[in-house]
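Structural features, examined
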Amino acid sequence: MLRENVTDLLFFLAVARERSFTRAAAQLGVSQSALSHTVRQLEERMGVRLLTRTTRSVSPTPAGERLLQSLTPRFQEIEAELFAVTELREKPAGTIRITAVDYAVDTYIWPKLAGVLKDYPDIHVEIINDYGLTDIVAERFDAGVRLGQTVANGMIAVRIAPDQAFAVVGTPSYFEGRNKPVVPQDLTAHRCINLRLPTHGGNYVWEFERGSEELRVRVDGQVTFNGIRQVLAAAVDGYGLAYAPCDLVQPHIESGRLIRVLEDWCPPWAGYHLYYPSRRQPSSAFAVVLEALRHRG
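Residues numbered from 1 in each chain as written. Predicted model: local features only at pLDDT ≥ 70, side-chain atom pairs only at ≥ 80, totals over all residues. Heavy atoms only, no water.

1. Remarks on the overall build of the protein
Helices and strands together make up the secondary structure of the protein, namely 9 helices and 15 strands. Residue burial in the protein is summarised as follows: out of 297 residues, 43% are buried. Long-range pairs, those at least 24 residues apart, make up 74% of the contacts in the protein between residues at least 6 apart in sequence. Across the protein, 33 positive and 34 negative side-chain charges occur, with their mean positions spaced 6 Å apart. (Helix = DSSP H or I, 4+ residues; strand = E, 2+ residues; numbered from the N terminus. Buried < 20%, exposed > 50% of the residue type's maximum accessible area, 1.4 Å probe, protein only. Contact = heavy atoms within 4.5 Å. Lys, Arg positive; Asp, Glu negative; His and termini not counted. Charge placed at Lys NZ, Arg CZ, Asp CG, Glu CD.)

Next comes the structure, spelled out in structure tokens:
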């Protein structure tokens, strides 16, 4: 009965997802009558109706909806594992999807991958710039990249960058006639350039730490961006204070275009990590990408 049910369940899932015997039959490469007969046999064996059929539509019954929601992730896992096994061959191949912020892509991800991918022409990498806290499982990403302290629980995390410090900076002209902030709370009296995080539905709250004291400050200003490089460019243009990675602002500090403040409130944080689900069986292509990105400092 188990062997019969596996095929029958696959047929049921196709109809339930497509809401149509016609489309499901075309997808599966079987006749509509054979598909209808198979689903009816499954219902008879289970003793419960799974689909409501009318002349115009097909929809799952409550029992059918429960079965659909229960089986879908399980069959997706089986499909993913089968795909991973077929990739375990001498020549790594396949598509690896990664979500990360543009700064991490430009500074750590692409420079490392650019020197490796030419040796693996069958590996395709899709890198999506995203400042939202994307659910990589729901959005079908192979991995994501975040600062170490923001990696979700239950994920395997591999460091790909050194510790990362942020800096509060502004132009000399901006500070003319203004008192420089001494503590983070002083930022509320300054024009600051905001970074919008789509997942949070609002602006990033600037984070500070000194010794055992931790502070989060919600800042305000004239302009808001959804990319850190645009935030920095606006600061260089004198539109206010920016909160950005140290190595990104350092050239501007050295040239005198920007002045750093609140340095004693900005200790290094755990650097960028690549993370992926602990239950995921890495393919050979994923293993190549992971090894290329791994931090060795």
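2. A look at the side chain of Arg146
Among the secondary structure elements, Arg146 is positioned in strand E5 (residues 143–147). For Arg146, the side chain forms a polar contact with the side chain of Tyr275, separated by 3.0 Å. Apart from the residues within four sequence positions on either side, Arg146 is in contact with Leu133, Thr134, Val151, Ala152, Gly271, Tyr272, His273 and Tyr275. (Polar contact = N/O pair within 3.5 Å; in protein donor to acceptor, adjacent residues only side chain to side chain.)

3. Considering the pattern of salt bridges
All told, the structure shown has 11 salt bridges when counted by the stated rule. Residue Arg23 pairs with Glu18 through a salt bridge whose shortest N-O separation is 3.5 Å. Note on Glu18: relative accessible area 26%, which makes it partly exposed. Between Asp264 and Arg210 there is a salt bridge; the shortest N-O distance is 2.9 Å. A residue pair is termed long-range when its members are at least 10 positions apart, and Asp264 in the loop between strand E14 (259–261) and strand E15 (272–277) and Arg210 in strand E10 (residues 206–210) qualify at 54 residues. What makes Asp264 partly exposed here is its relative accessible area of 46%. Judged by relative accessible area, which is 37%, Arg210 ranks as partly exposed. (Salt bridge = Lys/Arg side-chain N within 4 Å of Asp/Glu carboxyl O.)

4. Some details on the environment of Thr150
Summarising the element assignment, Thr150 is placed in the loop between E5 and strand E6 (155–159). Overall, Thr150 belongs to the partly exposed group, its relative accessible area being 36%. For the pair Thr150 and Leu133, spaced 17 residues apart in sequence, the C-alpha to C-alpha distance is 8.9 Å.

5. Brief notes about the environment of Asp8
Counting through the fold element by element, Asp8 comes out in helix H1 (residues 2–18). Note on Asp8: relative accessible area 8%, which makes it buried. Sequence-wise, Asp8 and Glu43 are 35 residues apart; in three dimensions their C-alpha atoms are separated by 9.7 Å. Excluding residues that lie within four positions of it along the chain, Asp8 makes contacts with Thr38, Leu42 and Arg45.

6. Quick notes on the pairing of E15
On a regular strand, one side chain projects to one face of the sheet and the next to the other, so that they alternate. Within E15, 6 of the 6 residues are buried, leaving the element largely enclosed by the surrounding structure. Summarising the sheet, E5 and E15 pair through 4 bridges and their orientation is antiparallel. Counterpart to Leu147 in the pairing with E15 is Tyr272. (Pairing = 2+ DSSP bridges.)

7. Points about the sheet that holds strand E4 (residues 123–129)
In space, the 5 strands of this open sheet follow the order E4-E3-E5-E15-E6, with mixed pairing throughout. Pairing within the sheet leaves two strands with one partner each, and these edge strands are E4 and E6. Pairwise comparison of adjacent strand axes, ignoring direction, gives a mean angle of 25 degrees for this sheet. Along the sheet face, helix H5 (residues 102–114) touches strand E3 (94–100), E4, E5 and E15 and points at about 165 degrees away from the line of E4. Together, E3, E4, E5, E6 and E15 form the strand contacts of helix H9 (residues 284–293), whose direction differs from that of E3 by roughly 40 degrees. (Axes fitted to C-alpha atoms, helices over the stretch in contact; angles between N-to-C directions.)

8. Observations regarding the side chain of His273
In this fold, His273 is placed in strand E15. Engagement of the side chain of His273 in a polar contact is seen with the backbone oxygen of Gly271, the distance being 2.7 Å. Setting aside residues up to four positions removed in sequence, His273 forms contacts with Gly144, Val145, Arg146, Gly148, Val151, Ala157, Val158, Arg159 and Ile160.

9. Focus on the packing of aromatic side chains
Scanning all chains against the criterion turns up 10 aromatic pairs. Among the aromatic residues, those joined into a cluster by ring pairs are Phe166, Tyr204, Trp206, Phe208, Tyr243 and Trp269. Here the guanidinium or amino end of Arg97 rests over the ring plane of Phe141, the centre of that ring lying 4.1 Å away. (Phe/Tyr/Trp six-rings, centres within 6.5 Å; stacked < 30°, edge-to-face > 60°. Lys NZ or Arg CZ within 6 Å of the ring centre and 35° of its normal.)

10. Concerning the nonpolar core
Membership of the largest hydrophobic core comes to 65 residues, with the highest contact counts inside it found for Leu187, Trp206, Phe208, Tyr272 and Leu274. Take this core: its biggest share by element is 7 residues, from H9. If near-sequence neighbours (up to four positions away) are discounted, Leu187 is found in contact with Val168, Pro181, Cys192, Trp206, Phe208, Val217, Val219, Leu241 and Leu262. (Core = buried A, V, L, I, M, F, W, Y, C linked by side-chain atoms within 4.5 Å.)

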